[in-house]
Amino acid sequence: MTGVPASAAGGSSGAQGARGAAAADGARSEVSGPAAGPATAPDGGGKPARGGKIAAAAVNQASVWNVANLLTMLRLLLVPGFVALMLTGGGYDPAWRSVAWAAFAIAMITDLFDGHLARTYNLVTDFGKIADPIADKAIMGAALVCLSALGDLPWWVTAVILGRELGITLLRFLVIRYGVIPASRGGKLKTLTQGVAVGMYVLALTGWLATLRFWVMAVAVVLTVATGLDYVRQAIVLRRRGIAERAAALEEKEA
């Protein structure tokens, strides 16, 4: 906290010494000069010294290791573990399927908290923006593919859900120059329903619970398609609005 004021004092005293040749001011400049060295460049130009830049970069890198990003990393690490648990014992052992469900549940719970923590406590980083959606789709995709490979879930359901998720992600990138498509309530409900449905399929359920999970998955598929179409509509509207605004701005500039 004292480095910058010392630098300012040193610079001012040095200038006064040069103009007035005052010995007291010159001595004070010599004393304060070394204290200011780490914060400013030797030439007194006010530019940060190389050490200061390195320290700032270290702080920015350390900020990546916050609790929100650690939860995202945990979700990524759970993906291969979940797949191994799902396929252990031929993929049909109820005990191993229960452990796999626990891993899937932890991944879904961390998905609810990491984004909230990042926004609430200003922990948003570039790493989190990229890794969070990857982790979400990785755990859901791994579960769907495993279930379809084991014959528990039709492949067309997996194709619809994963196709929608990848398609909407690509669509967001395509229209990002015109604006951001906000997450809707329907999209959040879709995510919740998908998580519940897939979790029920991961468990080795029988009887009426097996029938119940079928209908929960049916609702999830309907919400997946409906919200996907709504995102397409929003993207079209956003693109048209952006093009119109750019054209209006161009006409106003030319006028």
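Look above for the structure.
Residues numbered from 1 in each chain as written. Predicted model: local features only at pLDDT ≥ 70, side-chain atom pairs only at ≥ 80, totals over all residues. Heavy atoms only, no water.

Caption draft 1: Seen up close, the overall build of the protein. Along its length, the protein carries nine helices and zero strands. Across the protein, helices and strands are ordered from the amino to the carboxyl terminus as α-α-α-α-α-α-α-α-α. Across the 255 residues in the protein, those meeting the buried criterion constitute 35%. Sequence-distant contacts, at least 24 apart, represent 69% of the contacts inside the protein between residues at least 6 apart. In the form shown here, the protein has an accessible surface area of approximately 15500 Å², with 69% of it arising from carbon and sulfur atoms. (Helix = DSSP H or I, 4+ residues; strand = E, 2+ residues; numbered from the N terminus. Buried < 20%, exposed > 50% of the residue type's maximum accessible area, 1.4 Å probe, protein only. Contact = heavy atoms within 4.5 Å. Areas by Shrake-Rupley, 256 points an atom, 1.4 Å probe, with all protein chains shown as cover.)

Caption draft 2: Highlighting helix α6 (residues 126–149). The end-to-end C-alpha separation of α6 is 34 Å, in line with the 34 Å expected for 24 residues at 1.5 Å each. Buried within α6 we find G128, A131, A135, I139, M140, G141, A142, A143, L144, C146, L147 and S148. Its buried side turned inward, α6 meets α4 (67–87), α5 (94–120), α7 (155–174) and α8 (185–202). Two residues or fewer past α6, G151 is found with a positive phi of approximately 85 degrees. (Expected span 1.5 Å × (residues − 1).)

Caption draft 3: Summary view of the side chain of R97. Inspection of the secondary structure assignment puts R97 in helix α5. One polar contact links R97 to D152, side chain to side chain, over a distance of 2.8 Å. Residue contacts for R97: discarding those within four places in its chain leaves M86, G91, Y92, L147, L150, D152, Y201, V202 and L203. (Polar contact = N/O pair within 3.5 Å; in protein donor to acceptor, adjacent residues only side chain to side chain.)

Caption draft 4: Seen up close, the side chain of E165. Of note, E165 is situated in helix α7. For E165, the side chain forms a polar contact with the side chain of R164, separated by 3.2 Å. Other than its neighbours up to four places away in sequence, E165 contacts K137, K190 and Q194.

Caption draft 5: Broad picture of the pattern of salt bridges. Here the structure, examined in full by the defined rule, presents seven salt bridges. Between D136 and R75 there is a salt bridge; the shortest N-O distance is 2.6 Å. You can see D136 sitting in helix α6 and its partner R75 sitting in helix α4, a full 61 residues away along the chain. Relative accessible area serves as the criterion here: at 0%, R75 is assigned to the buried category. With a closest N to O distance of 2.8 Å, E165 and K190 form a salt bridge. Note that E165 is positioned in helix α7 and K190 in helix α8, a separation of 25 residues in sequence. Taken individually, E165 and K190 each receive the classification buried, so the pair is uniform in this respect. Through salt bridges that share partners, R75, D111, D132 and D136 make up one connected network. (Salt bridge = Lys/Arg side-chain N within 4 Å of Asp/Glu carboxyl O.)

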